[in-house]
Amino acid sequence: MPTRTRSMPRLARLAGALALLTGPSLAAPATQLLDQGWQVRLAPDDAHLAKHPRAARWLPAAVPGAVQTDLMAAGLVDDPFVGRNEAAIQWVGLSDWVYRTRFEVDGATLARRHVELVFDGLDTFAEVYLNGHRLFSADNMFRRWSAPAKPRLHAGANTLEVRLYSPVKRLQPWLERQPYALPGEFDSAFGDEPKGRQTANYVRKAAYQYGWDWGPRIVTEGIWQPVHLDSWDGPRVVAFHVAQKQLDARAAQLDVQLEVDADSDASLPAQISVYGPDGQPVAHQVVDVEVVAGHRRLGVPVTIDHPKRWYPAGYGAQDMYTVRVQVGEGSKPIYEGSRQIGLRTVELRRDKDRWGRSFAFVVNGIPIFAKGANLIPFDSFPARVDEARMRQTLESARAANMNMLRVWGGGYYLPDAFYAMADRMGLMVWQDFMFGGAIPPHDAAFVANVRQEAAEQVARLSDHPSIVLWCGNNEVQSSWLSWGDRKALQASLAPAENERIKQGMRDLFGEVLRDVVAQHDPDVPYWPSSPSQGGDGFANGLDDGDYHYWEVWSGEARPATAYLDVTPRFQSEYGLQSFPVLRTIRAFAGTEPLQAESPVLRAHQKFDGGNGNRRLLDYVRRGYGEPKDFPALVYLSQVMQADGIALAAEHLRASRPRSMGSLYWQLNDLWPGVTWSSIDSYGRWKALQFRARRFYAPLLMAALRHEGTTTVSLVSDRTTPIAARWRLRLMDFAGKVRREEAHDVTLAPLASTRVARYTDTQLLDGADPRATFAVFELLAGGKLLSRDLVFFARPRDLPLPQPRIHAQLAPAATGYSLTLATDALARDVWVSFGDLDARLSDNGFDLLPGEPVTLDVASEASAGALRQALQVQDLAHAMGTPP
């Protein structure tokens, strides 16, 4: 039963004060949202006025928003995601801009003791003026900025002005005077910064907006988060957090913490109510508290008996509790707040073992093999990303049996709604701090700025059970130790200066950010850099810490089979590129003829200065031969990507517990480009996303052929033993079974079990390796759980038959069913419907003779339209194999 107690004065002093005076004259704090009536124009003294005179006029502006999207809405610039328009928008990020709005303030607001103007996010160098008076300046996109406004306000109309300054234009003159430039990431493709002297690492702004090898250079400016006017009298609760002190099966010990601003000492009652996952009350606490003047963090202990825990997807329910706080008495309390929390323990296990030192996430005592991908920003313009778009991406991850996403450090901290969705879906979040690989400055002002940013962000997000790791940076440490430009700089500097740079990184990532996490989210592990071994020495090793593997695709561009040569403890990055589907390509390329080196495709390929399509074509040719046309190249690129990443992911899962994580690069796209993603910017699944659903399935058959030997492993993510059966069939391309064997097996929980090992000679048993393949299957209760096909040569070296695939579309209870059957082996079958929207339950699969497959199809289109638009591709036809 819920308890209701009133604490003694001593308990109140120990718990801390939660609020101040109350009474008829004391009203709750008020917030006035300032999101209407905004305008923007080019700064009057900007050098681009002559070429862009229309931008000198006041234009309608959206807040939250960005200058670039305002100019697009006004028709002054074209969409940079279409064609080769990216170059034409560069001047916007090199200019200074002015925003303004007018808003009304009533006498009641002015009568409040405190009135504060708050910007939840400014991008990035800005000065804020109220009624002509400068209130403050800003220099960090990731921070909240505020200032007392009452002295500058008056009743009636007030004018608010924000002057924004180009970060490139502001920093480049300063950087030119420095004896050297700290190494950054990608040089500008548009000549606005000298090569090797990038400004991005000197400012706290989303690094990807300066251009990356999967996205455009669009240096945004704007008011990218809400603006509001807050007013209050004396007492104010400014933050609310629930800390988990202890958790076991008997009880959860919580500390309900509030941050309070107080003008004077006072006493006030507060109520804390906790509701279980079913909505029923499970705890209630009433306390009388004493407050002292100033800013205080205050806490009240609360106990939940026999708590239900939050689990990652696949390991249990995502049970959430609701904690509500009311400060003050009567029908108008001075504060009411609510949080949803999940109760769980999380550990980053780092045990020494026979392979080195482990790197494994343990949640509620269960070692979890992390299955997922890296998440990049959703758009070049964060303010236009809505919850529907985030939800679609997260639901796609969950549908593909993922349980972890890594929020990569070159973007921005995502909104609360993202993490709330991850909580509900059971998706663990590896959260990088926003350092994308460039070497950061080490001056005191920069570090203090980052400390404040980190404190705000960790405090904001600390209630989300989905966040299981805070990571200091992406590739800062490993790049300093191994990248050529970093080594060249070190060779050119005096030892003392080298040491200052290194010590700055040690302090920032080893001390400052670690301390912030320890203070604001102590239940969550901290990791200083990815990849690393947890210290400031050697990074990116196979036997300790996490690992980024880029010898496939980048580096030496090794074949995908090289994935089988490395077995790291946790592979947090690896990837292969592919084209998006042809419909997406046409959306940005128009109707002009296309080939890999078409100018518009080069413009949407950011790897190696646009030369990445050559590498992509080379990978396709190596494994699959010459595509017969451009649509075939698009299809084959996705097959290649899916085959390669599946090989790596299955190897990592089969290597459990030596390896305990697979996060491929990358899940999503922020624009329609040629990238490493498995979901394009329209939310359309590539073949890799469909394949991920299979190679990340809870129960996996992994049959991996390497150097003439096939190793068969059965992988289970279940927490209890599973009775199953595995089967081997050796077949020819016409579907004739030449050999079959089956074995009963009990799958050990949370384990990979090796059940067989065959040389090619043993597996083929005299059959022709160019006309035969092996089918390995895992079954339980008569149901096929997982299948892996093994071939004895690359597709380009096999005389694959051109199958005749029969397709039958029929109405179904929820949409349509599509049944496919073939007269011969059909590899990597891909179903599409032209320009019609349709969602398929599966795609990119192998179709065996005599074994039809039925797919669910969801579409608003009619059956007749779908039949007319239906297209079915397979590997043999795309390679142009002669009949």
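Check the entry above for the structure.
The structure presented is a predicted model; accordingly, all values stated were derived computationally and were not measured. (Residues numbered from 1 in each chain as written. Predicted model: local features only at pLDDT ≥ 70, side-chain atom pairs only at ≥ 80, totals over all residues. Heavy atoms only, no water.)

1. Some thoughts on the pattern of salt bridges
Turning to step 1, where the next piece is worked out: Summed over all chains, the structure comprises 55 salt bridges.
Turning to step 2, where the next piece is worked out: The salt bridge involving Glu127 is made with Arg134; its shortest N-O contact spans 3.8 Å.
Turning to step 3, where the next piece is worked out: Overall, Glu127 belongs to the buried group, its relative accessible area being 18%.
Turning to step 4, where the next piece is worked out: Overall, the relative accessible area of 45% leaves Arg134 in the partly exposed class.
Turning to step 5, where the next piece is worked out: In this structure, the salt-bridge partner of Glu626 is Arg621, at a minimum N-O distance of 2.9 Å.
Turning to step 6, where the next piece is worked out: By relative accessible area, which is 45% here, Glu626 ends up partly exposed.
Turning to step 7, where the next piece is worked out: For Arg621, a relative accessible area of 35% translates into the label partly exposed.
Turning to step 8, where the next piece is worked out: Salt bridges sharing common partners tie together Arg727, Arg729, Glu777, Arg787 and Glu851. (Salt bridge = Lys/Arg side-chain N within 4 Å of Asp/Glu carboxyl O. Buried < 20%, exposed > 50% of the residue type's maximum accessible area, 1.4 Å probe, protein only.)

2. A word on the sheet that holds strand β2 (residues 39-42)
Turning to step 1, where the next piece is worked out: Sheet architecture is open: 6 strands sit in the order β3-β2-β4-β9-β6-β7, paired in antiparallel fashion. Each edge of the open sheet carries a strand with a single partner, namely β3 (59-60) and β7 (133-138).
Turning to step 2, where the next piece is worked out: Judged from the 5 bridges that link them, strand β6 (residues 125-130) and β7 form a sheet pairing that is antiparallel. If you follow Tyr129 over to β7, its bridge partner there is Arg134. (Pairing = 2+ DSSP bridges. Helix = DSSP H or I, 4+ residues; strand = E, 2+ residues; numbered from the N terminus.)

3. A look at the nonpolar core
Turning to step 1, where the next piece is worked out: Counting 188 residues, the largest nonpolar core has Met402 and Tyr664 as its most contacted members.
Turning to step 2, where the next piece is worked out: Considering every element that reaches this core, the biggest residue donor is helix α15 (residues 630-654), with 14 residues.
Turning to step 3, where the next piece is worked out: Ignoring any residue separated from it by four or fewer positions in sequence, one finds Tyr664 in contact with Gly372, Ala373, Asn374, Met402, Tyr574, Ile645, Ser678, Leu688, Gln689, Ala692, Phe695 and Tyr696.
Turning to step 4, where the next piece is worked out: Counting 28 residues, the second largest nonpolar core, distinct from the first, contains Leu268, Val289, Ile304 and Val323. (Core = buried A, V, L, I, M, F, W, Y, C linked by side-chain atoms within 4.5 Å. Contact = heavy atoms within 4.5 Å.)

4. Focus on the side chain of Thr199
Turning to step 1, where the next piece is worked out: If you trace the backbone, Thr199 turns up in the loop between α5 (167-176) and β10 (210-212).
Turning to step 2, where the next piece is worked out: Owing to a relative accessible area of 1%, Thr199 belongs among the buried residues under this scheme.
Turning to step 3, where the next piece is worked out: Dropping the residues within four chain positions of it, Thr199 is found in contact with Pro167, Val168, Leu171, Gln172, Leu175, Glu193 and Tyr210.

5. Description of empty space enclosed by the protein
Turning to step 1, where the next piece is worked out: Within the structure shown, the criterion is met by 3 cavities of 30 Å³ or more.
Turning to step 2, where the next piece is worked out: Reported here for the largest cavity is a volume of approximately 210 Å³.
Turning to step 3, where the next piece is worked out: Among the elements that make up the lining of the largest cavity, the one with the highest residue count is β10 (3 residues).
Turning to step 4, where the next piece is worked out: Split by residue class, the lining of the largest cavity holds 11 nonpolar, 5 polar and 5 charged. (1 Å grid on protein atoms, 1.4 Å probe; cavity = no way out; pocket = protein on both sides within 12 Å on 5 of 7 lines; lining within 4 Å. Points joined across faces, edges and corners; volume = space filled by probe spheres on them. Nonpolar A, V, L, I, M, F, W, Y, C, P; charged D, E, K, R; others polar.)

6. Regarding helix α16 (residues 687-695)
Turning to step 1, where the next piece is worked out: Within α16, 7 of the 9 residues are buried, which leaves it mostly tucked inside the rest of the structure.
Turning to step 2, where the next piece is worked out: Among all positions in α16, only Ala687, Leu688, Gln689, Phe690, Arg691, Ala692 and Phe695 are buried.
Turning to step 3, where the next piece is worked out: The inward-facing, buried residues of α16 abut α6 (387-399), α15, β32 (661-664), β33 (699-706), β42 (826-832) and β43 (839-840).

7. Describing the sheet that holds strand β1 (residues 30-33)
Backbone-to-backbone hydrogen bonds join strands into a sheet, with any given pair of strands oriented parallel or antiparallel.
Turning to step 1, where the next piece is worked out: With antiparallel pairing, 4 strands are arranged side by side in an open sheet as β1-β12-β5-β8. Of all the strands in the sheet, just β1 and β8 (145-148) have a single pairing partner and so form its edges. When the angles between neighbouring strand axes are averaged without regard to direction, this sheet yields 20 degrees.
Turning to step 2, where the next piece is worked out: Sheet analysis places strand β5 (residues 114-119) next to β8, joined by 4 bridges and oriented antiparallel. Within the sheet, the bridge partner assigned to Phe119 lies in β8 and is Trp145. (Axes fitted to C-alpha atoms, helices over the stretch in contact; angles between N-to-C directions.)

Limitation: the analysis is restricted to geometry and does not speak to function.
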